[in-house]
Amino acid sequence: MATVELTKENFDQTVSENPFVLIDFWAGWCRPCLQFAPVYEKASEAHPDLLFAKVDTEAEQELAGAFQITSIPTLMIVRDQVAVFAQPGALPEAALTDLIGQARALDMDEVRAKIAASQQPGADGPGTQNPGTPEA
């Protein structure tokens, strides 16, 4: 399967319409990006049920900036509109295959519950007392 080129114009629609998206942030001048490209393309052929996309960080600087991409290549995985993985560096084929398997195995209800819990006011913020810490 060919990869899809993402732009700021089609990014939101593409991610919202596809439950599992891998995104390769890259640039044409980046040697590690060019070395990773055939690995990424091969993975896209091995997993035709997933959407493999690319963001050219030179052409889409605003999009790369929105995701705070400071090193390329950076691989991001979005499941059910939740970024579940983002890490710079070119992966070897076996590592990419393993990563895809781990992302497939995620319980997204559990992921969303953890995100919601971490956003609760006072979850570990001001006003909570550490047991064993004497009061002032």
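Everything numeric in this text was worked out from a predicted model, so none of it was measured. (Residues numbered from 1 in each chain as written. Predicted model: local features only at pLDDT ≥ 70, side-chain atom pairs only at ≥ 80, totals over all residues. Heavy atoms only, no water.)

J.: Honestly, the side chain of Asp56 in this entry has me stumped. Any pointers?
T.: The topology assignment puts Asp56 in strand β3 (residues 51–56). For the buried Asp56, no salt bridge exists, and the shortest N-O distance to an oppositely charged side chain is 9.7 Å, to Lys54. Once residues within four sequence positions are removed from consideration, Asp56 is found in contact with Glu5, Trp26 and Ala27. (Helix = DSSP H or I, 4+ residues; strand = E, 2+ residues; numbered from the N terminus. Buried < 20%, exposed > 50% of the residue type's maximum accessible area, 1.4 Å probe, protein only. Lys, Arg positive; Asp, Glu negative; His and termini not counted. Salt bridge = Lys/Arg side-chain N within 4 Å of Asp/Glu carboxyl O. Contact = heavy atoms within 4.5 Å.)

J.: For this particular structure, what's the right way to read the pairing of β3?
T.: It is a general feature of regular strands that their side chains alternate between the two faces of the sheet. A large share of β3 lies buried, amounting to six of its six residues. Here β3 shows no split at all, with Leu51, Ala53 and Val55 on one side and Phe52, Lys54 and Asp56 on the other all buried. Where strand β1 (residues 4–5) meets β3, two bridges bridge the pair, whose relative direction is parallel. Opposite Glu5, over in β3, you have Lys54 as the bridge partner. With six bridges joining them, strand β2 (residues 20–26) and β3 adopt parallel strand pairing. Counterpart to Asp24 in the pairing with β3 is Lys54. Handedness of the crossover joining β2 and β3 through helix α2 (residues 31–46): right-handed. (Pairing = 2+ DSSP bridges. Right-handed = clockwise from strand over helix to strand, strands pointing away.)

J.: What is the right way to read the nonpolar core from this model?
T.: In this structure, Leu6, Phe11, Ile23, Phe25, Val55 and Ile72 are the most contacted members of the largest nonpolar core, which totals 19 residues. Secondary structure elements with two or more residues in this core: α1 (11–17), β2, β3, α3 (61–66) and β4 (74–79). Sorting elements by how many residues they give to this core places β2 first, with four residues. Residues in contact with Phe11, not counting those within four places in the same chain, are Leu6, Ile23, Leu63 and Phe67. The next biggest cluster of nonpolar side chains, apart from the first, holds 15 residues, and it includes Phe20, Leu22, Phe52 and Leu91. (Core = buried A, V, L, I, M, F, W, Y, C linked by side-chain atoms within 4.5 Å.)

J.: Explain the packing of α2 against helix α4 (residues 93–105) to me, please; I cannot follow it from the model alone.
T.: Between two packed helices, what matters for the description is the angle formed by their axes and the separation of those axes. Direction vectors running N to C along α2 and α4 enclose 40°, while the axes themselves pass 10 Å from each other. The angle between α2 and α4 falls in the class oblique. The two elements α2 and α4 cross, and the hand of that crossing is right-handed. Listed contacts from α4 to Phe36, Val39, Tyr40, Lys42 and Ala43 of α2 are Glu93, Leu96 and Ile100. Here the residues of the contact of α2 with α4 are counted per class, giving six nonpolar, no polar and two charged. (Axes fitted to C-alpha atoms, helices over the stretch in contact; angles between N-to-C directions. Parallel < 35°, antiparallel > 145°, perpendicular 65-115°, else oblique. Left-handed = near helix turned anticlockwise from the far one by under 90°. Nonpolar A, V, L, I, M, F, W, Y, C, P; charged D, E, K, R; others polar.)

J.: Teacher, can you tell me more about the sheet that holds β1 here?
T.: In any sheet, the strands associate via hydrogen bonds between backbone groups, in a parallel or an antiparallel arrangement. Read from one edge of the open sheet, five strands run β1-β3-β2-β4-β5, paired in mixed fashion. The open sheet has two edge strands, β1 and β5 (82–88), and neither has a second partner. Running at roughly 160° to β3, α2 makes contact with β2, β3 and β4 of the sheet. Helix α5 (residues 108–118) contacts β4 and β5 of the sheet and is inclined by roughly 85° relative to β5.

J.: Any chance you could explain the confidence of the model for the protein chain here in plain terms?
T.: Any segment with low pLDDT has predicted coordinates that should not be analysed in fine detail. For the protein chain, the average pLDDT comes to 89, and 88% of its residues sit at 70 or higher. In this model residues 125–136 is a low-confidence stretch, pLDDT under 50, and it forms three contacts with partners more than four residues away in sequence or in other chains. (pLDDT = per-residue confidence, 0-100.)

J.: Hey, could you run me through the side chain of Arg79 in this one?
T.: Within the secondary structure, Arg79 is located in strand β4. Notably, Arg79 is buried but unbridged: the nearest opposite-charge side chain belongs to Asp80, and the N-O separation is 4.5 Å. At 2.6 Å, the side chain of Arg79 forms a polar contact with the backbone oxygen of Ala103. When neighbours within four sequence positions are excluded, Arg79 is seen to be in contact with Pro19, Phe20, Val84, Ala103, Arg104, Ala105, Leu106 and Met108. (Polar contact = N/O pair within 3.5 Å; in protein donor to acceptor, adjacent residues only side chain to side chain.)

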